[in-house]
Structure formats: C-alpha cells, structure tokens
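Chain by chain, the residues:
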Amino acid sequence: MTENSTTGRQVSAAPAIELVGISKSFGPVQANKDISIRVMPGTIHGIIGENGAGKSTLMSILYGFYKADKGEVFIAGNQTQIPDSQAAIAAGIGMVFQHFKLVPNFSVLENIILGAEDGAMLRPSLAKARESLLSLARDYEMNVDPDAIVEELSVGHQQRVEILKALYRQANILILDEPTGVLTPSEADQLFRILKRLRDEGKTIILITHKLREIMDITDTVSVMRRGEMTATVKTADTNPEQLAELMVGRKVLLRIDKSAAQRGKELLHVKNLQVTDEAGVLRLKGVSFNIRAGEILGIAGVAGNGQSELLEVLGGYRTAQGQILVNGAPIDITGQNADGQSRRKHGIAHVPEDRQREGLIMDFAAWENIAFGYHTDEKYQSGIFMNNAAIKQDASEKMQRFDVRPPNHNLTAKSFSGGNQQKLVLAREIERDPDILLVGQPTRGVDIGAIEFIHQQIMTLRERGKAILLVSVELEEIMSLSDRIAVMFDGQIMGERLPNETNEKELGLLMAGITEEVA
Amino acid sequence: MEKMPAWADVVLVPLISLLLAAAISALVITGIGEDPVAAVKMMVSGALGSTYGWGYTLYYATNFMFTGLAVSVAFHAKMFNIGGEGQAMIGGLGVALMALFIPWPHWSLALIFCSIGGAVFGALWALIPAILQAKRGSHIVITTIMFNFMAAALLNYLLVSILRPVKSMDPATASFPEPTHLPTLHDILMPLGIEFSKSAPANVSLLLALAAAVFVWVLIWRTRLGYALRAFGHSDTAAQYAGINPVKITILAMLISGGLAGMMAVNTTLGEAERLVLNATEGAGFIGIAVALMGRSHPFGVVLASILFGFLYQGGAELALWTSIPRELIVVIQALVILFTGALDNMVRMPIERLFIALRGSGDRDG
C-alpha cells in the first residue's frame, strides 16, 4: 500500500474529466454550488464529504441522471453534453453503484451484456462478451467465472462484475460510490489492488467515500465537499486525516476517543447458546454465547448478514429463539409467548436498532410522536383513556434539546431530519430512559462526522454510568475504538473474542471471513 | 421543511382536482349533445335547491360517512377494507333483528340498541377476514371482496326463506313496529321553527354519523390504540420493534372498521325503509372507498367528501329523471371525481408543490 507516488506514469495534458462551475438546486436546496474540479487521466481521485454534502448529486450529473442548472462538463478536453446515462457510457464513463444493479438470477455473462446486446439474438453477443470478459479478467487480474449465477457470488465478486460491466462498455473513467460499505477488510484490500491496477493501465478512477482511511490509502488527489460546495482539492500526500475531517465538518473533530479503563460491575446480560431459525428454516444463529458486565461495551464485529441483526432482534424481543438469555441473573422469555418489544423495555433493555428508518422511527410521525415510540404505554404519557400529547411534546422538546437534535422543532416529521439527527432522536429516546442494558446497532451508519463524535460520546457516558452496552457495527474502526471486548461474528457464530489493544484490523478481518487459525 | 402550507394540501388540491373532473364531465356532456351548463343547474337545484333535495343529499351523505369512516380506520392501519358493502349488509341484519324481535318502548332506545346490533354484526363480518389476514396472511382485499358476495347470498337466503313474512311476495322482513321509527330531519327541525321537507328520508342517523366522525378522530389521534394503529400502518417493521402486536392491531382495526360499516344500516334500514330489504346498501360500501380517498382518511375530510358524493348521487338522480342524459353518465361523473381526487392526486399535487417552492424561493431571495 505504498504506491502513492505518481512518478513514472504518463500524464497527458488534458484532464480526463473537468467540471466547470456546476450548480444544481432542488427547489430551495442548493445541492451543488459552483463546483469546479479537474481529474487527470491515470489517477485515483477521492471525493469525500458528509451525507448530504452533494457528492452523489455531482456524480449523478456526471452520469446523466440529473441535469445541471449551470456549468460545463469536459471529457478529455472536449465539452460534452450528458443528458442521460447512455450518453455517459458513450463518453466512456462507468459507474459502480453502492447498491449493485445486477440481475441476481442471471449469469455473470448475461449481466455483462444486459443493455449492451448487439442484436436481437443473444448467442453472438454472449460469445463476443465471453472473449472480451476473459481478456479483461486477464489484463486486470479479476478472475470471475463467466457462467456463475450472480446471486451465488460473494459480495466482493458481485462488485467485480459491476466493474467488468463498465469496462466491457469501454469505460475509461470509473466512478465508485461508497464501494467498501459491504466488503470485509480483505475484500476491500483486493478491490484497492484492482483499482490501482486499473489506474496503472491508464484508467481514471473517482472514488466517493466517507472513510478517511480509504482516501489516505489509495487516492492520488482528494476533493472535499461540504454543504454543496467544494471546499478543497489537495494532493493526498500533502494532507492528513485530521485536516480532511476538519475540511468536511468545518471545525476541529476529535477522531480518537479517550477511553478510561472499564469499571466492570456485576454481570447484567448473559446469553447462552442462542439459536435462531428464520422463516425459511435456515439456521441464522448457531449457538451464540456471551456476557456483558455493568460498565462494559461488548462490540460485535462482522460483515453485515452474519447473524448480527437476528441477535439484536432476539434481544429486542421481536424474534423467537432457542437457548437462554439472563438479564440481571434472571431468565427472560425468548419464545415470543409472553414477550415482545414492550416487555424488554420493562426489563431495562433499550434498543437503538440497526435500521432507524425501518425500525427505530416512524418516518411520517412527528418527532414528538417518535419520542413516545415504544414507550407509548408509559403512564407519564397517559391521561385517562387518552394520550397526554402535551406531556409527550414537553418531554420531546426537553430530550431533543439535551441531545442537540437540529432543528429543535418537535413538530417536524422524522423524515425531515438529517440522518445524524434522526439517529440522535432515537438515542435520545432510548438513552434518556436510563436503561440497564443498551443494544446499539450501527449507531453511525449514514451519520455525518460531527454527529458521530456526539453519538460516541453519549455511548461512552452511558458506559461510565455503569450500564452494559452491546454494540453491533460493521465499521471496524468504531468497534475498535469503543469496545472493551470485541466478539467477531461469522455465519451465525462467534468466531472469537479479542481485546481491542491486543488485536489489529488484520486479525479481526480474518475472523470476519471465518478464518480462525493464524495465517502467517 | 413541508412542501406547501396545510390549507393548500387539504383544500386547494382537492378543489383543483374537482374542477378538473367537472371540466372533463362538461366535455363528455357536450359530447353526447347536451348542455353542460343546464346539467349543472339541474344537479344543483335538484340536490341543493330545496329541503327535499337536501333531505336526499344528506341521507346519502349519512351512508357515505359511515362507510367512508370505516374505510379510513382500516386505511390508518394500512389495510384496504373493500368489504364495507358486505359488512353494511350484515349490519342491516343486526339492525333488523334488534328492531323486529325486541319491543322497544321508544325510538331512542331502538336507535341505541339497533346501532349496537348493526355494529356488532358488521364487526363480526369483518372479523373473519381480519383473522385470516393476521394469522394466515390471506390478503384482506381478496377476502373482504369475497365476503361481500357471501353477505349478499346469505341475506338473499334469509330474506327469501326465513325472515319474509308468510304470504308476502317481497323478499324483505316485515315492517318494523311503530315505536322504532326514527325522527326525520323534518321532525327534528320543526321545533326549531325550520320547515323541512316531510318526504325526504334524512333522519337522526345523520347526527349519529357526525358523532361517529368525532369518535374516529378521537380514536385515531388521541388514544393509545390510535397511536399503535397509525404506527402499524406506517411501518409494520417499526411496530414490531416497538412491541406493537400486529395480530391484535389488525383484528381491532378491522373490528372497528366493520362496526362503522355495519352502523350504516341504521340509516337505511331503521331510518328509511323501516324494514330490511334486499340490496339496502346500494353500493354505499364502495362509495366509502372513494370518500375515504378523497377525505384523506381524515374524519373531517370524510364528512365533506360524503356530502359531495351525496350531492352527486341526488343531483345525478334528478338529472336522469328530468333530462335525456342517461343515468349511466352520473356514474361517469362520479368516476371522474374518484379518478382525479384519488388516483391522479399527484398529477395536481406536484405542480402545486413546485409552485409553492418557487414562490418561497423568490420570497427568500427578496428577504
């Protein structure tokens, strides 16, 4: 990972992409404000910014999804109009979306030619595609079986198919939107190797991400966006993560958490041999056991979809399981007969769910209604047979103030808040209940850096108050900086427990891929 | 930030939709060689020009209020109860049994207990689809439609073979006894010195429907059940997270919905016909869907939309009676109103939203 020098590569005069004065607004919201950027061919250019900074809008303009209100696009020195994605492809731009645009039950080959068939009959196209796929795979060391069914491939390989799809369409400029969000660390490393290879072959790559580490590792130049504006474009070698974070947020940000040693108390949560079978009869949890003491954070690391969601749902009371869960030494019902989300709350378990938009909040409810959500049977919120809306509103505005939810207006619907503020709403509701046990899933997913800092502080405060916290996150950095112990989940099992100061990302990455023996 | 002010959302958008529907209706009327202006005059004078017209308009509106509220309550829990028609038919059976077999001393007692009878029967008719939905996942749209046909068949059998008085040729129950007859608007308004048509069927059930609207408003926005019901309707995954039991909510919402639909029979059966006849519902269960759509499932909107559809019903009947415009055209006009206010809502809404955003944008620049 030290190929950051740009020497020895051919750099021609005209930039591969040049945007001049791009502006785009949606109603009163100015998503892009007079943005100019030059990306030289044969480089990897990072675009970093918080959610809503306008990164995606800018790329959508480049790919023909939106039309810019103002501004010009030059591809290889020639002014180019990009009214739709067909034109973008014709101009040599390929896009790899965060959520893959693949047909799951088609083969790799069929996916590659989809939309680029040469005629009504498929056979000649497929034969031609097979040949060029093999030569692309050879050139860029991206081995993929052309006849494999896409849904049977790993996520990392599916992403390769997306890249090959773009290359098959003669893309010279590749845009990747948050490409590592779904990958294990080792898959991400493989992706970066491929991207470097592509760069060395003269392709231009634009990488959109919110992860500072990726920017530092792989890009040659980086642009920072904040509130629709391009605040800086710098050579990666000349900058550092702290400076980039400051440019993104507009103020100094604490990237490291100063953590005192855990003051462990008695055991508050004990999970024994938990097994979960899903609706299709597949075993999702295969005997998970762990415990958490008061004043301790147990981090569960792992790639999404390895049983973490099921674990949270069982603990949260809305999925049934076999095994045993002891809260404060007493077993709680996990058969679903006498338990639901309500009874878990009465046991002092608060839950910040992984997906705040589908579970944690009712997006069309006002903020004050969401503050009561899950606690709507609380006596304080009742007056006779009616809900005491005035009391809920009062409570909501106090909680929103303490958690710095912006704007501090409890009458706005949840969907009108930004991701970070939505998460603060959920945290305010759950943490202010002073629970003994807090379940937190993906606390900072889709949350901007400034809010991440605040959310981490809140979790740490709860730990210092002697509560037990179960933290589930796919962000390894988050797990490593917050947890007192780290358990790694893979395929419904806990592969091992490590202490954060005695392990590293490489070891955890191997565990996340299901490899337990030390590989030298 | 909200895209446009509330008044535009609840008043302006439906109004423009209605005007569009009226404009196209006018084109259709012109197309069949009639004069649209005369037709509108006829409809307005027929439905609203006399207390007789008002009496019919409000009578129909009463039906639509009950069924519209029924659909609205289910809508809030994200269920599409198409079975209002069947639930109202079976509700009629409950009303008739109460009125026929218990000798009520006064209409007020009859009204209370017949309402309960209608509501219980309607609710029970909705209970089976509700259980099938909650426990087995059978889609409520399919089951409630089927239950409409079953209700019609059941009522047909009962009226022809069991409830029909001996020697009667008519598939209907015997007339209800005199003390159960409800006061009409004529009877109610007389002491207030207002002369209301004696022959119009609007009756005290109108007040019951308005009370039901208030009840639904309180239920949905002021009670814990209403909160849980709306939460479940917006997001069933979130409701599970919060510990809201989906089976319980599905069944309760459908019981309330079916009960409201069943209470419609108080108006038609106890109030107007004073006996249970075949097809007493006359499609009001289906109009309830349109009314709920147009009223945005809000009780106040449902009341207004009910009066509009009452006007269309009564005005349409007058039109068919006095002009050569065929009765079917009324269905066309009603369909256009449903099309524009329900299905094509976004067609009107989105340009208006853009307009408000543009207005606000220029306002911001000035300030």
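The structure under discussion appears in the preceding block.
Residues numbered from 1 in each chain as written. Chains lettered and ligands numbered in written order. Predicted model: local features only at pLDDT ≥ 70, side-chain atom pairs only at ≥ 80, totals over all residues.

Colleague: Before we go on, may I ask you to explain the overall build of chain B in this structure?
Modeller: Across its full length, chain B holds 15 helices and zero strands. Here the C-alpha radius of gyration of chain B, 22 Å, is about what a compact globule of 367 residues would show, namely 21 Å. Buried positions account for 47% of the 367 residues belonging to chain B. (Helix = DSSP H or I, 4+ residues; strand = E, 2+ residues; numbered from the N terminus. Rg over C-alpha atoms; globule rule 2.2 N^0.38 Å. Buried ≥ 20, exposed ≤ 12 C-beta atoms within 10 Å, placed from the backbone.)

Colleague: Help me understand helix 8 (residues 205-222) of chain B, please; the structure alone is not making it clear to me.
Modeller: All names here are of chain B. Between its first and last C-alpha atoms helix 8 spans 25 Å; for 18 residues at 1.5 Å apiece the expected length is 26 Å, and the two agree. Here helix 8 has its buried residues at Ser-205, Leu-208, Ala-209, Ala-212, Ala-213, Val-216 and Ile-220. Taken around the axis of helix 8, the buried residues stretch over an arc of 150°, which confines them to a single face. Exposed and facing more than 90 degrees away from the buried side of helix 8 are Ala-211 and Val-214. Buried residues belonging to helix 8 abut helix 3 (51-76), helix 5 (107-136), helix 9 (224-234), helix 11 (246-273) and helix 13 (299-322). (Expected span 1.5 Å × (residues − 1). Arc of directions from axis to C-beta. Contact = placed C-beta atoms within 7 Å.)

Colleague: I tried to follow the sheet that holds strand 10 (residues 229-235) of chain A on my own but got confused; where do I start?
Modeller: Strands pair in a sheet through their backbones, by hydrogen bonds, and they do so in one of two ways: parallel or antiparallel. Residues and elements named next belong to chain A. Taken in spatial order, the six strands make up an open sheet running 6-7-8-3-9-10, and their pairing is mixed. The open sheet has two edge strands, strand 6 (93-96) and strand 10, and neither has a second partner. On average, adjacent strands in this sheet sit at an angle of 20° to one another, irrespective of strand direction. Note that strand 3 (residues 44-49) and strand 9 (residues 221-226) share five bridges and pair parallel. By the bridge assignment, Ile-47 is partnered in strand 9 with Ser-223. Sitting on the sheet, helix 5 (residues 155-168) touches strand 6 and strand 7 (173-177), and the angle it makes with strand 6 is about 170°. Contacts from helix 8 (residues 241-249) reach strand 3, strand 9 and strand 10, with the element oriented near 30° to strand 9. (Pairing = 2+ DSSP bridges. Axes fitted to C-alpha atoms, helices over the stretch in contact; angles between N-to-C directions.)

Colleague: Can you walk me through the pairing of strand 8 (residues 204-209) of chain A in this structure?
Modeller: If a strand is regular, its side chains alternate between the two faces of the sheet. Residues and elements named next belong to chain A. Within strand 8, six of the six residues are buried, which leaves the element mostly enclosed by the surrounding structure. Residues Thr-204, Ile-206 and Ile-208 line one face of strand 8 and the alternating positions Ile-205, Leu-207 and Thr-209 line the opposite face, and both faces are buried. Bridge count between strand 3 and strand 8: five bridges; the pairing is parallel. Note that in strand 8 the partner of Gly-46 across the bridge is Leu-207. In this region the chain leaves strand 7, passes through helix 6 (residues 185-200) and returns to the parallel neighbour strand 8; the handedness of that crossover is right-handed. (Right-handed = clockwise from strand over helix to strand, strands pointing away.)

Colleague: Whenever I open this one, the pairing of strand 11 (residues 267-277) of chain A confuses me. Can you help?
Modeller: All names here are of chain A. Direction of pairing for strand 11 relative to strand 12 (residues 283-293): antiparallel, over a ladder of eight bridges. Following the sheet pairing, Thr-277 is matched in strand 12 by Leu-283. Between strand 11 and strand 12, which follow one another and run antiparallel, lie five residues, and Gly-281 among them has a positive phi close to 85°.

Colleague: I tried to follow the packing of helix 1 (residues 6-31) of chain B against helix 14 (residues 328-343) of chain B on my own but got confused; where do I start?
Modeller: Helix-helix packing: each pair is described by the crossing angle between the helix axes and the interaxial distance. All names here are of chain B. It is the contact of helix 1 with helix 14, at a shortest axis distance of 8 Å, that shows an interaxial angle of 145°. When the axes of helix 1 and helix 14 are compared, the crossing they make is right-handed. Where helix 1 abuts helix 14, its residues Pro-14, Ser-17, Leu-18, Leu-20, Ala-21, Ile-24, Ser-25 and Val-28 lie against Val-332, Ile-333, Leu-336, Val-337, Phe-340 and Thr-341. Considered class by class, the residues forming the contact of helix 1 with helix 14 number 11 nonpolar, three polar and no charged. (Left-handed = near helix turned anticlockwise from the far one by under 90°. Nonpolar A, V, L, I, M, F, W, Y, C, P; charged D, E, K, R; others polar.)

Colleague: Where do I start with the interface of chain B and chain A in this structure?
Modeller: Interface size is commonly expressed as the accessible surface area that is lost when the partners come together. Of the residues lining the interface, 20 residues belong to chain B; the matching set on chain A comes to 24 residues. For the side of chain B that touches chain A, the secondary-structure elements that each account for two or more residues are helix 9, helix 10 (236-242) and helix 15 (345-366) of chain B. Residue composition of the side of chain B that touches chain A, by class: eight nonpolar, eight polar and four charged.

Colleague: Quick question: what am I supposed to make of the nonpolar core here?
Modeller: Most often, soluble globular proteins keep nonpolar side chains buried together rather than apart. The biggest cluster of nonpolar side chains holds 251 residues, and the ones touching the most others in it are Ile175(A) and Val488(A). With 14 residues, helix 3 of chain B is the single largest residue contributor to this core. Residues contacting Val488(A), with those up to four places away along its chain left out, are Ala301(A), Gly302(A), Ile494(A), Met495(A), Gly496(A), Leu508(A), Leu511(A) and Met512(A). (Core = buried A, V, L, I, M, F, W, Y, C linked by C-beta atoms within 7 Å.)

Colleague: Before we go on, may I ask you to explain the sheet that holds strand 1 (residues 17-26) of chain A in this structure?
Modeller: The sheet built from four strands is open, its strands ordered 2-1-4-5 (chain A) with antiparallel pairing. Each end of this open sheet is capped by a strand with a single partner; those strands are strand 2 (29-39) and strand 5 (78-79) of chain A.

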